[in-house]
Amino acid sequence: MSTSGNDIRQIFLDYFNKQGHKIVASSPLVPKDDPTLLFTNAGMVQFKKLFLGQAKRDYIRATTSQKCFRASGKHNDLENVGRTPRHHTFFEMLGNFSFGDYFKQDAIRFAWELLTEGYGLPKDKLWVSVFETDDEAAELWQSEVGVKPERIVRLGEEENFWSMGDTGPCGPCSEIHIDQGPEHGCGRADCAVGCDCDRYLELWNLVFMQYNRDESGKLTPLPKPSIDTGMGLERISAVVQGKYSNYDTDLFTPIMDVAAQLAGTSYGKNEEDDVSLRVIADHARACTFLISDGILPKNEGRGYVLRRILRRAARHGRKLGLKEVFLHQVAQEVIDQMKGAYPSLVDSRAFIDKVITKEEERFGETLDTGLKILYDATGEAKAKGETVLSGDTAFKLYDTYGFPLDLTMTIVEEEGLSVDEPGFDRAMETQRSRSRAAWKGSGEEAMPPALEELSSQGFATEFKGYETLEAKGKAV
Ligand code: ATP
Ligand code: MG
Ligand code: MG
Ligand code: MG
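Please read all numbers here as calculations on a predicted model, not as lab measurements.

## Overview of the site of ligand 1
Then step 1. Taken together, 16 residues lie around ligand 1, and D77, F91, N205, G230 and G232 are the ones closest in.
Then step 2. Taken together, the elements giving at least two residues each to the shell around ligand 1 come down to β5 (90-98), β10 (200-213), β11 (219-232) and α6 (233-240).
Then step 3. Among the elements that line the shell around ligand 1, the one with the most residues is β10, at four residues.
Then step 4. Partitioning the shell around ligand 1 into residue classes produces five nonpolar, five polar and six charged.

## A closer look at the confidence of the model for the protein
Then step 1. For the protein, the average pLDDT comes to 91, and 92% of its residues sit at 70 or higher.
Then step 2. A low-confidence stretch, residues 445-469 stays under pLDDT 50, and its non-local contacts, those more than four residues away or across chains, total 30 contacts.
Then step 3. The ipTM for the predicted assembly is 0.99, set against a pTM of 0.91.

## Here we look at the domain arrangement of the protein
Then step 1. Under the domain assignment used here, the protein contains domain 1 (5-244) and domain 2 (252-471).
Then step 2. Contacts between the two partners involve 19 residues from domain 1, matched on the other side by 20 residues from domain 2.
Then step 3. Residue assignment for the side of domain 1 that touches domain 2 shows that the elements contributing at least two residues are α1 (5-18), β2 (61-69) and β3 (71-72).
Then step 4. No other element matches β2, which puts three residues into the side of domain 1 that touches domain 2.
Then step 5. For the side of domain 1 that touches domain 2, the residue count by class is nine nonpolar, seven polar and three charged.

## Here we look at the nonpolar core
Then step 1. Core analysis: the biggest nonpolar cluster contains 98 residues, and A111, A284, C287 and V330 have the highest contact counts within it.
Then step 2. Among the elements that line this core, the one with the most residues is helix α8 (residues 271-292), at 10 residues.
Then step 3. Mapping this core onto the domain boundaries places at least three of its residues in each of domain 1 (5-244) and domain 2 (252-471).
Then step 4. Among all residues touching V330, those that are not within four sequence positions of it are I255, V258, A259, I280 and A284.
Then step 5. F395, M409, I411 and A427 belong to the second largest nonpolar core, which has 17 residues in total.

## Comments concerning helix α3 (residues 104-118)
Then step 1. In this model, α3 (15 residues) spans 20 Å end to end at C-alpha, consistent with the 21 Å of a helix rising 1.5 Å per residue.
Then step 2. Burial in α3 covers these residues: K104, A107, I108, F110, A111, W112, L114 and L115.
Then step 3. Trailing α3 by a residue or two, G120 shows a phi angle of about 70°, which is positive.

## Examining the environment of I295
Then step 1. For I295, the position within the fold is in the loop between α8 and α9 (301-319).
Then step 2. The exposure class assigned to I295 is buried, which follows from the 23 C-beta atoms found within 10 Å.
Then step 3. Residue contacts for I295: discarding those within four places in its chain leaves V30, L290, R302, G303 and L306.

Calculation criteria
Residues numbered from 1 in each chain as written. Chains lettered and ligands numbered in written order. Predicted model: local features only at pLDDT ≥ 70, side-chain atom pairs only at ≥ 80, totals over all residues. Near = placed C-beta within 6 Å. Helix = DSSP H or I, 4+ residues; strand = E, 2+ residues; numbered from the N terminus. Nonpolar A, V, L, I, M, F, W, Y, C, P; charged D, E, K, R; others polar. pLDDT = per-residue confidence, 0-100. Contact = placed C-beta atoms within 7 Å. Domains from an automatic or database assignment. Core = buried A, V, L, I, M, F, W, Y, C linked by C-beta atoms within 7 Å. Buried ≥ 20, exposed ≤ 12 C-beta atoms within 10 Å, placed from the backbone. Expected span 1.5 Å × (residues − 1).

Shown next as structure tokens:
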């Protein structure tokens, strides 16, 4: 029997614990005291202050399996979900951290030993990348663990240089990739490590926090450099279990099976249904963990991100022919599968069920009518030889039928059309001005609840910048 995803997580934590790392629990998906981030998107988030030297704990080495969510902001993998074998909105990032303790040499040694001995990966399929000028790392990969020079690839700043922000800690990265075979490649002559296709799977990213960047952009070596690493549990599980896709691991198959059974089908029958099943499984995991971390479906901020993915999942249920609410049942399977690693899910079980069911019901009331309007409109546009859906229609779907813009855009793209986004923005602006005028004219002191709801649909107050775009449900 192959090693389970749950065991693979434990093997990681145990290995680093043996190397003197404290096993630290995952922090919540909502970062504490960090207004720059909507969601925790990497293992290092809960340790930011330690890396900055602004906090101290009773350990200088730590290891975690961190809940991560990447469907908003700088890291947005939402559109990849269901379509690539390796991206999720919610995933777990396995990591080891050194806070001014060990550096490159040990980080490289640990990662290689765990992959090749702990997990038994074949050395002859592994590749590493280093930052283009990081001779030290390139040398260590050879001298410490015997990687052949032709298996070491130098990549540029975009891929292999990490920084916490415009100023502050930063440094080169080094990634470990596994060659999944030319049959998974893009076929281009220059396909190699770093290519966006699925041949060379990025497994693990080692960040060497080596410099401090000041306002002028100048890099000064840190007196005590640090280590931050991240490896997707779902990706290493796929490799260890001999699967090409994360969705074929035991972390996903039981969840997809529940959805498939409810829909009277099975995974692997046809590609379109399979995409829906993968999206549903991914989104069910994300919704379960977001809700258990205190987020509720809302029209703004984090709650709107939850609402968007929940509604996307509901729509994929319709594609599979599911007429009734179903996602809450899929979420129950997520809880059963993850409760060993995240026991608090059990306490939230009834709550998660209720929140998902209520939101599904709410959207269910307008989903069918909205879909009919949308398909009628795309059909009409196509018949006329047009390629764009009007912004007014997209706005009506948003405003009256609860269709987030990204959902409308996805469906419209499936029909080979696009949405007039500036037109959508104009319709939104007209709506806002109208409601503002109506409010002013009402002579009331406070904004009436109905108008408050309206204005909150378009705006977020807390996270200006990217949030205003996200409020419309645009992937940014
Ligand atoms: P990719 O290039 O494949 O999008 P990345 O470079 O964005 O990955 P990092 O930010 O380096 O990823 O995160 C560290 C590790 O977390 C990755 O090496 C990968 O194993 C995992 N990971 C990143 N994004 C996802 C995702 N959306 N779903 C699952 N695992 C992920
Ligand atoms: Mg990425
Ligand atoms: Mg990458
Ligand atoms: Mg990376």
